[in-house]
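Coordinates in review
In case you want the letters, here they are:
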Amino acid sequence: MKNNTKKECIAMLLAGGQGTRLGVLTKDVAKPAVPFAAKYRIIDFPLSNCINSGIDTIGVLTQYRPFELHQYIGNGQPWDLDRLNGGIFVLPPFMRAKSGEWYKGTANAIYQNIEFIDDYNPDYVVLLSGDHIYKMDYADMLAAHKKNKADCTIAVLEVPIQEASRFGILNLKKNNEIYEFEEKPKNPKSNKASMGIYIFTWSVLRRYLVEDEADKTSENDFGKNIIPKMLADKQRMFAYQFDGYWKDVGTISSLWEANMDVLRGGTGAEDLDLDDDSWKIYARNMAEPPQYISPTGRVQNCLISEGTVVHGTVKDSIISHSVTIGKNAYVEGSIIMPGATIEEGADVRYSIVGWNAVVGKGCMVGETLAECKPGEWKISVIAPGHNLPDNSVVGANEMIG
Amino acid sequence: MKNNAAAVLFASDEDSHLNDLTIHRTTASLPFGGRYRLIDFVLSNLVHANITKIGIITRNNYNSLMDHIRQGRDWNLNRKNSGISVYPPFVFNAAHEVYKGKIEALYMLRGFLMNSNEEYVVISNTNIAFNIDFDEVEKFHEEKGADITMLTYTTADITSRKLLVTTDKNKRITDIRFPVASDTGKRLCNLNIYYVKKDLLISLIDNAYAHGAYDFEKDILRAGLDELYVMSYEVDNYVAVIDRIPTYFKSSMDLLNPEVREDLFYNHSTILTKVKDSVPTKYKEGANVHNSLIADGCEIDGTVENSVLFRSVKVGKGAVIRNSIIMENGIIMENAQLDYTITDKDCIIQSGRRLSGYESYPMVVVKGKVI
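The present account deals with the structure reproduced in this document.

Thresholds applied
- Residues numbered from 1 in each chain as written.
- Chains lettered and ligands numbered in written order.
- Predicted model: local features only at pLDDT ≥ 70, side-chain atom pairs only at ≥ 80, totals over all residues.
- Heavy atoms only, no water.
- Phe/Tyr/Trp six-rings, centres within 6.5 Å; stacked < 30°, edge-to-face > 60°.
- Helix = DSSP H or I, 4+ residues; strand = E, 2+ residues; numbered from the N terminus.
- Buried < 20%, exposed > 50% of the residue type's maximum accessible area, 1.4 Å probe, protein only.
- Lys NZ or Arg CZ within 6 Å of the ring centre and 35° of its normal.
- 1 Å grid on protein atoms, 1.4 Å probe; cavity = no way out; pocket = protein on both sides within 12 Å on 5 of 7 lines; lining within 4 Å.
- Points joined across faces, edges and corners; volume = space filled by probe spheres on them.
- Nonpolar A, V, L, I, M, F, W, Y, C, P; charged D, E, K, R; others polar.
- Pairing = 2+ DSSP bridges.
- Contact = heavy atoms within 4.5 Å.
- Buried area = accessible area lost by both parts, 1.4 Å probe.
- Salt bridge = Lys/Arg side-chain N within 4 Å of Asp/Glu carboxyl O.

**Looking at the packing of aromatic side chains**
Counted by the stated rule, this structure contains 24 aromatic pairs over all chains. A centroid spacing of 6.2 Å and a plane angle of 45° characterise the contact between Phe89 of chain A and Tyr120 of chain A, whose relative ring orientation is tilted. Taken together, the residues Phe89 of chain A in strand β5 (residues 87-91) and Tyr120 of chain A in helix α4 (residues 114-120) connect sequence positions 31 residues apart. On the accessibility criterion, Phe89 of chain A (28% relative accessible area) is partly exposed. What makes Tyr120 of chain A buried here is its relative accessible area of 5%. Pairing Tyr198 of chain A with Phe200 of chain A gives two aromatic rings, centres 5.8 Å apart and planes at 20°, and the pair type is stacked. Taken individually, Tyr198 of chain A and Phe200 of chain A each receive the classification buried, so the pair is uniform in this respect. Taken together, the ring pairs connect Phe32, Tyr36, Phe41, Tyr248 and Phe265 of chain B into an aromatic cluster. Across from the ring centre of Tyr72 of chain A, 4.5 Å away, lies the NZ or CZ of Arg41 of chain A, which sits over that ring. The aromatic ring of Tyr229 of chain B is capped on one face by Arg172 of chain B, whose charged end is 4.3 Å from the ring centroid.

Below you can see the structure in the form of structure tokens.
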């Protein structure tokens, strides 16, 4: 019963993390399923990148709260991933004849799915995270990997040197070969930050995964174990320089910032233009009628999606699909997630209102922000599905629900 | 649950006069309501009731319809069993002529009907925006012991092409006739949707075709009123029959009314359409939008009032759009002004141009025109 369709390159997407830093937003769903930019989910970005790069076989490794994500992915049709050969596969941990266990770490998650990967007999495996917002052509990265005859290629982004100590930093030779990897170094030697996007030559990675599993002291993690071990063994490891927009949306502040970058466009976010026919970002469609701005509605500098009705005033905000903004409500600098309701007279500023949450009449949520450092925005958050009673007051940076 | 009916849809309606709007397309594929084509409504209603074996009869200009339907995936109609088929006019027609009326067209589809396992057939025009439960129609048909159930609606929009329906207390239709000058006010009219047992339909069609008849309503329904139980199922929620440009305009403006949207989009069926992966709509600093229905993918930097904008419309700074319908990919450049205007797909209205029609006679800009 061997699958005889060979794929040159397949992708494995790590989507099992809980995303604790997103607090109430990931209480009931995995991070990749969190809504983004009015009609997308975070996972739409890596999935769309794959299909746009010509990768049509993707394993999505899920573990934490997987139902929403499984349902969203379905048969992969919205991303054109419903294929006769290949397509998209959700891979939660499973039982074997003698044992079964949770994914212990990122490397163990791939190790447990060696059979799945072997079935496609790929030359290369792309390893992706489900919590990054960016548009990237993995085919170009694969070409560099092949040209370098590399065993491993890691995508890197130049970050301001003063911020480099927040990232995993790669120190490179002139030919972009990696000689050192430092996780969050106090005194960074370079500003090339790892984006958590890898291409491995499968035969090499497979060997390391098997060895790593046998090592009882290992944490079975790519960043902590596999990459350092490959470096120590002097495998051919190269950096692939990426110049476009990229953001890890693992925190409330960065999630808010990335949404605002989409809205703002322009300097630094040119590459985040979603209205790009040559690199579409696909999403599951909600079959809602067009949005309606009522005679009392006022909308400026906003992104709004289908099924939404606006009776109030909305400024500098992302209003997702199926949202209702009541009369005399005021929304500024906020992200209102799908299905949420902002009732009459409520005032919402610099906040994230979770999906299906209700902000009651006359509530005051969040505060207009004075200057904040990037990454340190004081964003208030209302949990998905939370019902905020009328006239509640929620201060800046508070998380409710 | 599985439904016991197949459906035959007519992509064109000979009685419609949509002029410039249907030069390039069937009435079925006329854009409506910001992101839909008219056929989406009947298709969605059928799919909601699990009526999934659907044949569409086309007459001419069916390219846009084929492009819209594809394999029917957007309506969940890409099935192994049943699904959707589009029949171009000549497929079964040895005479090499486009069919004359519904009888000839249905006779052409005799094979489709014979091959379907379903016991009943829904026959419908496609120029109707509505949201009903076909299960209720089936129940009515059974309860009344009908031979043919005709869907009817009450309207004041009485044109010479409408068929007025008279019923008795039991909803049996006693007369079907054209309107005359004295027929004013609201009247019960034929909605051009029928529910009928397949075997009966085939025998009626065979008999009529053999006698050279081609008008379904006149030669089968009216001629058979005495012998057949033709029952009237009255649709009492929102119905728009789009057959002339003023009704297209008025029905589009009806969508600005929340009750109409509730009735049409959230009633029984989810209205499905071809997915285009448009981005969310962007309202810029100059946006001043009131009482308007806006699809995704637009970019608005001007004034939009009492209007419907389809997907991916661009409105430049200082442009003013009032009481208008702008179809997909329309570009309204800086300081252009539109009032009571319908621009078809891909139109460009250049900077500072002013176009104006009237409520009773909106101006229509033909597809792809640059003004």
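**Structural notes on unusual backbone geometry**
Negative phi values dominate among residues other than glycine, just as trans dominates among peptide bonds. Residues and elements named next belong to chain A. Located in the positive-phi region is Asn328, a residue other than glycine, with phi close to 60°. Looking at the element boundaries, Asn328 is found in the loop between β18 (324-325) and β19 (330-332). You can call Asn328 exposed: its relative accessible area is 66%. Residues other than glycine seldom take positive phi values, yet Asn356 does so here, at roughly 60°.

**Considering empty space enclosed by the protein**
Per the counting criterion, the structure on display carries 3 cavities of 30 Å³ or more. Taken as a whole, the largest cavity encloses approximately 100 Å³ of empty space. As for the largest cavity, its lining consists of 13 residues, of which Arg35, Tyr36, Arg37, Lys276 and Glu328 of chain B are closest to the centre. A per-class count over the lining of the largest cavity returns 3 nonpolar, 3 polar and 7 charged. There is about 80 Å³ of room inside the second largest cavity. Forming the boundary of the second largest cavity are Lys39, Arg284, Asn285, Met286, Ala287, Glu288, Ser305, Glu306 and His321 of chain A together with Asp296 of chain B.

**Re the sheet that holds strand β27 (residues 387-388) of chain A**
The 11 strands lie next to each other as β27(A)-β24(A)-β21(A)-β18(A)-β16(A)-β14(A)-β16(B)-β19(B)-β22(B)-β25(B)-β28(B), forming an open sheet whose pairing is mixed. Sheet topology places β27 of chain A together with β28 (363-365) of chain B at the edges, where each strand pairs with a single neighbour. Strand direction decides the pairing type here: strand β22 (residues 325-326) of chain B and strand β25 (residues 341-343) of chain B, joined by 2 bridges, are parallel. When the sheet's bridge partners are listed, Ile326 of chain B is paired in β25 of chain B with Thr343 of chain B.

**Remarks on the interface of chain B and chain A**
The partner chain A presents 36 residues to the 33 residues of chain B that form the contact. With both chains or domains summed, chain B and chain A bury close to 2900 Å², and 47% of this area falls on carbon and sulfur atoms. Considering only the side of chain B, the residues that lose the most area to chain A are Asp277, Pro280 and Tyr283 of chain B, jointly responsible for 21% of the buried surface there. Summed over the shared surface of chain B and chain A, the result is 4 salt bridges. Between Asp82 of chain A and Arg73 of chain B there is a salt bridge, with the nearest N and O atoms lying 3.5 Å from each other.

**Let's talk about the pattern of salt bridges**
If you walk through the whole model with that rule in mind, you get 44 salt bridges over all chains. Put simply, Asp123 of chain A and Lys6 of chain A hold a salt bridge, and the shortest N to O gap is 2.9 Å. On the criterion of sequence distance, the pair formed by Asp123 of chain A in the loop between α4 and β6 (124-129) and Lys6 of chain A in the segment before β1 (9-14) is long-range, its members being 117 residues apart. Look at Asp123 of chain A and you get partly exposed, because its relative accessible area is 33%. Lys6 of chain A sits in the partly exposed class, given a relative accessible area of 44%. In this structure, Glu306 of chain A engages Arg35 of chain B in a salt bridge whose closest nitrogen and oxygen atoms are separated by 2.9 Å. Placement of Glu306 of chain A in the loop between β15 (298-304) and β16 (309-310) and of Arg35 of chain B in the loop between β2 (31-32) and β3 (36-37) is noted, with the two residues assigned to different chains. Note on Glu306 of chain A: relative accessible area 6%, which makes it buried. For Arg35 of chain B, a relative accessible area of 3% gives the class buried. The network of salt bridges with common partners includes Asp157, Lys162, Asp243 and Arg244 of chain B.

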